[in-house]
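Observations on chain architecture
One-letter residues, chain by chain:
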Amino acid sequence: QVQLVESGGGLVQPGGSLRLSCTASGIRISLRNMAWYRQTPGNQRELIADIPSGGTATYGDSVRGRFTISRDNAKNTVFLQMSSLKYEDTAVYYCNAKHVLFTNDELWGQGTQVTVSS
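This write-up is about the structure you can find in this document. Note that the structure is a prediction, hence the values are computed from the model and not measured. Every chain begins its residue count from 1, and numbering advances along the sequence as written. pLDDT decides what is reported in this predicted model: residues at 70 or higher carry local features, side-chain atom pairs at 80 or more are listed and counted, and totals for whole chains, interfaces and linings draw on all residues regardless. The side-chain quantities take in all heavy atoms of the structure and omit both hydrogens and water.

**A look at the nonpolar core**
In terms of nonpolar packing, the biggest core is built from 28 residues, with Trp-36, Leu-80, Met-82 and Tyr-93 touching the most fellow members. Secondary structure elements follow DSSP: runs of H or I of four or more residues count as helices, runs of E of two or more count as strands, with numbering from the N terminus. Going through the elements one at a time, strand 3 (18-25), strand 4 (32-39), strand 5 (46-51), strand 7 (67-72), strand 8 (77-82), strand 9 (91-99) and strand 11 (112-116) are the ones with two or more residues in this core. Any pair of residues with heavy atoms lying within 4.5 Å of one another is described as a contacting pair. With sequence-adjacent residues up to four places away left out, Met-82 is seen in contact with Gly-16, Ser-17, Leu-18, Leu-20, Arg-66, Phe-67, Tyr-93 and Val-114. What is meant by a nonpolar core is a set of buried Ala, Val, Leu, Ile, Met, Phe, Trp, Tyr and Cys residues, joined one to another through side-chain atoms within 4.5 Å. Note on classification: 1.4 Å probe, protein chains only; a residue is buried when its accessible area is under 20% of the maximum for its type, exposed when over 50%, partly exposed between these limits.

See the structure below:
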C-alpha cells in the first residue's frame, strides 16, 4: 500500500520541542522531494520546510532557525525537529512526497496534530 504516515504530534508547552516523523511505504523517498506543510482551520496549507532528494533544506520564514527537516532514505523516513515552539505553531502538520521527475506524482500523509499550549 502506497502511503505516508506521520507520527509524533501532541501537546507541548511553549518553548518545548517535538519531533515529527513521516514514514513512507510503497515508495522510495530517495526518488522524492520531501516536505512538511501545516494548516490551521480556515487557512491554506503552508509550506514550512522541504528537503529535495540530494539537495539542501529550505525553510519558511515562520520556522527558520527553530525547525530542522532531515531525511533517512534507508529508513524511508523524513523528520521535522521542532524547537522553541510557539502558540502560533499549533496546526495539523502534513508530510508531502513529490517525485523528482514526475511532479504530478505527489503523496500526502493524513496529518498529525501539534498543539502548543500552557
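Now that the structure is up, let's keep going.
**Examining the pattern of salt bridges**
Close approach of charged atoms lets side chains of opposite charge pair. Each salt bridge in this description consists of a side-chain nitrogen of Lys or Arg and a carboxyl oxygen of Asp or Glu lying within 4 Å of one another. Here the structure, examined in full by the defined rule, presents six salt bridges. Residue Arg-64 is joined to Asp-61 by a salt bridge in which the shortest nitrogen-to-oxygen separation is 2.6 Å. Taking the relative accessible area as the measure of exposure, Arg-64 reaches 49% and is therefore partly exposed. For Asp-61, a relative accessible area of 67% corresponds to the exposed category. Among the salt bridges present, the one from Lys-98 reaches Glu-106, with a minimum N-O distance of 3.9 Å. By relative accessible area, which is 31% here, Glu-106 ends up partly exposed. Within this structure, Arg-38, Glu-46, Arg-66 and Asp-89 form a network of salt bridges that share partners.

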